[in-house]
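# Reading the structure
Read off the chains here:
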Amino acid sequence: RFPCGRAAHSALDGERTDLLASLGDMHALLVNAAPVWTTEAREHDRIARDYYRAAIARRPSYPYTWANLAVVKFRLVELDLEFLTALERATTLGPWEPEIQKTVTDLGLAAWPVLPEASRAQVRDNIERGMRGQGETMVRLALHHRRTEVIAPLVQGNERLETILKAGAASG
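Please read these numbers as outputs of a predicted model, since none were measured by experiment.

Procedures and definitions
- Residues numbered from 1 in each chain as written.
- Predicted model: local features only at pLDDT ≥ 70, side-chain atom pairs only at ≥ 80, totals over all residues.
- Heavy atoms only, no water.
- Helix = DSSP H or I, 4+ residues; strand = E, 2+ residues; numbered from the N terminus.
- Buried < 20%, exposed > 50% of the residue type's maximum accessible area, 1.4 Å probe, protein only.
- Expected span 1.5 Å × (residues − 1).
- Core = buried A, V, L, I, M, F, W, Y, C linked by side-chain atoms within 4.5 Å.
- Contact = heavy atoms within 4.5 Å.
- Phe/Tyr/Trp six-rings, centres within 6.5 Å; stacked < 30°, edge-to-face > 60°.
- Patch = residues over 30% accessible without salt bridge, like charges linked within 9 Å, V, L, I, M, F, W, Y side chains within 5 Å.
- Areas by Shrake-Rupley, 256 points an atom, 1.4 Å probe, with all protein chains shown as cover.
- Salt bridge = Lys/Arg side-chain N within 4 Å of Asp/Glu carboxyl O.
- Axes fitted to C-alpha atoms, helices over the stretch in contact; angles between N-to-C directions.
- Parallel < 35°, antiparallel > 145°, perpendicular 65-115°, else oblique.
- Nonpolar A, V, L, I, M, F, W, Y, C, P; charged D, E, K, R; others polar.

Turning our eyes to something else, we now look at unusual backbone geometry. With phi around 55 degrees, Val-77 is a residue other than glycine that occupies positive phi space. Position of Val-77 among the secondary structure elements: in the loop between helix 4 (63-75) and helix 5 (81-93). A positive phi is found at Arg-146, a non-glycine position, where the angle reads about 55 degrees. Note on placement: Arg-146 falls in the loop between helix 7 (117-144) and helix 8 (148-155). A residue is classified by how much of its surface remains accessible, and Arg-146, at 59% relative accessible area, is exposed.

Structure (C-alpha cells):
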C-alpha cells in the first residue's frame, strides 16, 4: 500500500538528507560496473554527484556521503578541490569506519600522482588506521595501485603482511 497525502509528501520529501543520499546511491549503483566513459555512466554519476552535494549541504557530518561524493567525482575524473575535500571530510568524520578506510585508501592511492602532499598525508594516516583492523585489505589495495612504497613502512614487523606485500610486489 502506498502512502498518500501528508505521508506521501513526507516519504518523497526532497529535503530529507537520507532520501537525497539514497537517490545518489541509486544512480551510482545503476552504473557501478559500467565503463566510466559511457554516456549513461557519466550521466548517472553526474546525477549522483548532485544528490550527494544536496545531502551534504543538509547534513555535512555524515562521512559516507562525503566518501560517495569522492567516488563519483573520481569516476567523472573531477579530481579537483571538491574531490580533495570529500576525501578529507570522509576520513575526518569517519576515521574508524572500515568502509570509509577502504574507500579513502582506494581512491587516494588511485589518485596518488595528482594529490598534493597534505592530501597524501591524510591518505597515509587513513591507511595507518586501517592497518589496525584490516591490514591485508590495505596491503592489497596498495598492491593493486602499485603503491608499495606507501604501505611498506606500515607492515614492518608483521611477517604475514610483509609476506603478502613481497609476494604481490614480485608478481606485479
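From this point, the discussion proceeds with the structure in view.
Turning to the environment of Gln-122, a few remarks are in order. The topology assignment puts Gln-122 in helix 7. Along the chain, Gln-122 and Leu-87 lie 35 residues apart, while their C-alpha atoms are 8.5 Å from each other.

The end-to-end C-alpha separation of helix 2 (residues 17-30) is 20 Å, in line with the 20 Å expected for 14 residues at 1.5 Å each. If you check which residues of helix 2 are buried, you get Thr-17, Leu-19, Leu-20, Ala-21, Gly-24, His-27 and Ala-28.

Looking now at the nonpolar core. One finds Phe-83, Leu-115, Ile-127, Met-131, Val-139 and Ile-151 to be the most contacted residues of the largest nonpolar core, which totals 35 residues. Among the secondary structure elements, those contributing two or more residues to this core are helix 3 (39-58), helix 4, helix 5, helix 6 (98-110), helix 7, helix 8 and helix 9 (159-171). Looking at this core element by element, the count peaks at eight residues for helix 7. What Ile-127 contacts, discounting residues up to four positions off in sequence, is Thr-105, Leu-109, Met-138, Val-150, Ile-151 and Leu-154.

A separate point is the packing of aromatic side chains. All told, the structure shown has two aromatic pairs when counted by the stated rule. For the ring pair Tyr-62 and Tyr-64, a centre distance of 5.5 Å and an interplane angle of 45 degrees mean the geometry is tilted. Each ring, one from Phe-74 and one from Phe-83, has its centre 6.4 Å from the other, and the planes form 35 degrees; the classification is tilted.

Residues Val-77, Leu-79 and Val-114 make up a contiguous nonpolar surface patch of roughly 270 Å² in combined accessible area. Val-77 gets classed as exposed once you look at its relative accessible area, which sits at 62%.

Here the focus is the packing of helix 7 against helix 9. Their axes nearest at 9 Å, the elements helix 7 and helix 9 cross at an angle of 10 degrees. On the basis of the axis angle, helix 7 is roughly parallel to helix 9. On the side of helix 7, the interface is formed by Met-131, Gly-135, Glu-136, Val-139, Arg-140 and Leu-143, while helix 9 contributes Arg-160, Leu-161, Ile-164, Leu-165, Gly-168 and Ala-169. Here the contact of helix 7 with helix 9 is composed, by residue class, of seven nonpolar, two polar and three charged.

So yeah, pure geometry; function would need other evidence.
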